[in-house]
Amino acid sequence: MITKHKNLNSDAILLDEVIPGGAKWSKIIKRGHTLRITTKDGLGSLSAMFYNADNTAERFNSADTVKLQHNAYFCKGRVLYSELGRVLLSITEDTTEGFFDAIAGISNPRLVKKNFGEGDFEHIRNRYYKSDRENFLIELGKYGMGKRDMIPAINFFRKVDIKEGSKLELSSARPKPESYIELRAEMNVLLVLSNTPHVMEEGKYNPSDVQVTLYTGAPVAEDDFCMNFSPQSQRAFINNARYFA
Amino acid sequence: MNKTIENAVYNEKVAAGVPWSYVVKKGQTLRIIDLEGCQAVDTLFYNANDHEERYSANDTIREQGSIFITTGTKLISTDDNVMMEITADTCGNHDTLGGHCSAESNTVRYDHDRKYMHSCRDNYLYEIGELEMDPRDLTNNINFFMNVPIEEDGYLIIVDGISKPGAYVDMKAEMDTLVLVSNCPQLNNPCNAFNPTPVQMVIWDA
């Protein structure tokens, strides 16, 4: 576990924990709080679904996000939109340098078996091969949510390239060990995470730890980097302000 | 069987800007005809007997290894089943990434004064209400006949369509499939050549 966080005052930290490889996790991130997600060795892949915690019918919309930013990829400054033209999370930092994927989706038990072979509880106990599908269904169930709430996810720490204008290829490149992304909640956000290998990964089932560090920060300022990243973001932040008026 | 309008079991025109839904039975083939060309047809698919099972853009794209839909594409569900297979495509250009337009996203894409223009999401929510489905059943859809090329650095934007008048796409149902369409009313970008037009829906038995 990382105990000394770069550029982060320890007094501001509200929560700091490791999500082991294979595990699921969820939390309501309060508006204005920021979650730093660190990959321990650069080998992790973390899938995320998230919602307006006060109205879970308002969900992350990957299609709107890609369309509104005119790009299928992600970087510091870009924001993650709900389907109601508002910002759920802002990408306020990204030392991974662009390791996000909103195209390939999530794993299920059939794919995990196909990609990694047999790994059931009966034989290997708690190291059994978990899939994103079971992780999300279990974690969403705790909020009274289910299959209908299983939205197209975004994956952190892996990148899927689109070659020749259409072909998908899981990039073999990896982020640096201990690199991180930071997500600032622009409303109260229910964040659900599944820490299993990327759906297009094959070979050895070897998920990697990630660390989540929640901290408080200054309110969004007029010159905020994410808010002013594009005219679209400026208009979306106006929508958020109207929502909270 | 040679597919002609005479031997079709269903043949209806869908006006510009309106929703449409219909159950295509297993084995039947649905043809969507872009009557006047360059008309985006925002389309979603559900297991007719269990609406919680729906089209999954991620799974469809990943399993075929390509972001575009064309002849041979199997439309995969959130439960990992094949819902439909594309059996003919005279256009060759259909978007899977852009989703559907909404009042709210129009305010972000264009300006706050565009909020009260008609949108696909309004069509979907209305039809889903009438069908007594759940608004959460909405997800990333296919945009038939909509042209969204993507560059190596991820840049993408809706550009002029290449769909000619009369272009069509055929899909054969592999399960009883509820097809939910918004015949896109967007006037702010070239997805409908700034002129939304009707499309024709034709169904044949196996």
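So, how was this worked out
Residues numbered from 1 in each chain as written. Chains lettered and ligands numbered in written order. Predicted model: local features only at pLDDT ≥ 70, side-chain atom pairs only at ≥ 80, totals over all residues. Helix = DSSP H or I, 4+ residues; strand = E, 2+ residues; numbered from the N terminus. Rg over C-alpha atoms; globule rule 2.2 N^0.38 Å. Buried ≥ 20, exposed ≤ 12 C-beta atoms within 10 Å, placed from the backbone. Contact = placed C-beta atoms within 7 Å. Pairing = 2+ DSSP bridges. Nonpolar A, V, L, I, M, F, W, Y, C, P; charged D, E, K, R; others polar. Expected span 1.5 Å × (residues − 1). Arc of directions from axis to C-beta. Core = buried A, V, L, I, M, F, W, Y, C linked by C-beta atoms within 7 Å. Axes fitted to C-alpha atoms, helices over the stretch in contact; angles between N-to-C directions.

Colleague: Give a detailed account of the overall build of chain B, specifying residues and quantitative values.
Modeller: For chain B, the helix and strand inventory stands at three helices and eleven strands. From first element to last, N terminus to C terminus, chain B shows the α and β order β-β-β-β-β-α-β-β-α-α-β-β-β-β. Here the C-alpha atoms of chain B give a radius of gyration of 16 Å, agreeing with the 17 Å that 2.2 N^0.38 yields for 206 residues. For chain B, the C-alpha atoms occupy an extent of roughly 50 × 35 × 35 Å along the three principal directions. For chain B, the proportion of its 206 residues judged to be buried stands at 50%. Across chain B, every contact between residues at least 6 apart in sequence was considered, and the portion connecting residues at least 24 apart equals 75%.

Colleague: Tell me about the overall build of chain A, and name the residues and values.
Modeller: Along its length, chain A carries five helices and 13 strands. By the compact-globule yardstick of 18 Å for 245 residues, chain A fits well, its C-alpha radius of gyration being 17 Å. In terms of overall dimensions, chain A has a C-alpha envelope of 55 × 45 × 35 Å along the principal axes. When burial is assessed residue by residue, chain A has 49% of its 245 residues classed as buried. For chain A, the proportion of contacts with a sequence separation of at least 24, taken over those separated by at least 6, is 80%.

Colleague: Just give me the short version of the pairing of strand S7 (residues 82-89) of chain B, but keep the residues and values in it.
Modeller: Residues and elements named next belong to chain B. Bridge count for strand S6 (residues 74-76) against S7 is three bridges, and the pairing is antiparallel. Each residue of the ladder has a partner; that of Ile76, found in S7, is Val82. What sits between the antiparallel neighbours S6 and S7 is a turn of five residues, in which Asp80 has the positive phi angle 75°. Where S7 and strand S9 (residues 167-173) come together, five bridges link them in antiparallel fashion. Following the sheet pairing, Ala88 is matched in S9 by Asp170.

Colleague: Hey, could you go over the interface of chain A and chain B for me, with residue numbers and the actual values?
Modeller: Counting residues at the interface gives 37 residues for chain A and 35 residues for chain B. When contributions to the side of chain A that touches chain B are tallied by element, the ones reaching two or more residues are helix H1 (62-68), strand S10 (167-170) and helix H5 (231-243) of chain A. The element that contributes the greatest number of residues to the side of chain A that touches chain B is H1 of chain A, accounting for six residues. Of the residues belonging to the side of chain A that touches chain B, the class tally is 17 nonpolar, eleven polar and nine charged.

Colleague: Could you give an account of H5 of chain A, naming the residues involved and the relevant values?
Modeller: For H5 of chain A, built from 13 residues, the straight-helix expectation of 18 Å at 1.5 Å per residue is met to within 8% by its first-to-last C-alpha distance of 19 Å. Along H5 of chain A, the positions that sit buried rather than exposed are Gln232, Ser233, Ala236, Phe237, Asn239 and Asn240 of chain A. One side of H5 of chain A carries all its buried residues, which in axial view fall inside an arc of 150°. Looking at H5 of chain A, the residues exposed on the side facing more than 90 degrees away from the buried face are Pro231, Ala241 and Arg242 of chain A. Of the surrounding elements, those touching the buried residues of H5 of chain A are H1, strand S5 (79-81) and strand S6 (87-94) of chain A together with helix H2 (103-109) of chain B.

Colleague: Help me get a handle on the nonpolar core, residues and values and all.
Modeller: In terms of nonpolar packing, the biggest core is built from 114 residues, with Ala48, Met49, Phe50, Leu88, Val189 and Val192 of chain A touching the most fellow members. Residue contacts for Phe50 of chain A: discarding those within four places in its chain leaves Phe60, Leu88, Leu89, Val189, Leu190, Leu191 and Val192 of chain A.

Colleague: Can you tell me about the sheet that holds strand S12 (residues 189-194) of chain A, naming the residues and giving the values?
Modeller: All names here are of chain A. Read from one edge of the open sheet, five strands run S2-S12-S4-S8-S7, paired in antiparallel fashion. Every other strand in the sheet has two partners, leaving strand S2 (24-29) and strand S7 (100-101) as the edge strands with one partner each. As paired elements, S2 and S12 share six bridges and run antiparallel to each other. From the neighbouring strand, Ser26 faces S12, where its bridge partner is Val192. The strands touched by helix H4 (residues 132-141) are S2, strand S4 (46-52) and S12; relative to S12, the strand with the most contacts, the crossing angle is about 145°.

Colleague: Before we move on, could you go through the sheet that holds strand S13 (residues 210-216) of chain A and cite the residues and values that matter?
Modeller: All names here are of chain A. With antiparallel pairing, the six strands of this open sheet are ordered in space as S1-S13-S3-S11-S6-S5. The sheet is open, and its two borders are formed by strand S1 (13-19) and S5, each paired with just one other strand. Averaged over neighbouring strand pairs, the angle between their axes works out to 20° when direction is ignored.

Colleague: Explain unusual backbone geometry residue by residue, including any values.
Modeller: Residue and element names in this part refer to chain B. Unusually for a residue other than glycine, Cys38 sits at a positive phi of about 55°. For Cys38, the location among the structural elements is in the loop between strand S3 (29-34) and strand S4 (41-47). Using a count of 24 C-beta atoms within 10 Å as the deciding quantity, one classes Cys38 as buried. At Phe194, a residue that is not glycine, the phi angle is positive and equals roughly 60°.

Colleague: Which residues make up the environment of Gly21 of chain A, and what values go with them?
Modeller: All names here are of chain A. Along the polypeptide, Gly21 turns up in the loop between S1 and S2. A count of 21 C-beta atoms within 10 Å places Gly21 in the buried class. Spatially, the C-alpha atoms of Gly21 and Pro219 are 33 Å apart, while their sequence positions differ by 198 residues. Excluding residues within four positions of it along the chain, Gly21 makes contact with Asn195, Pro207, Ser208 and Asp209.

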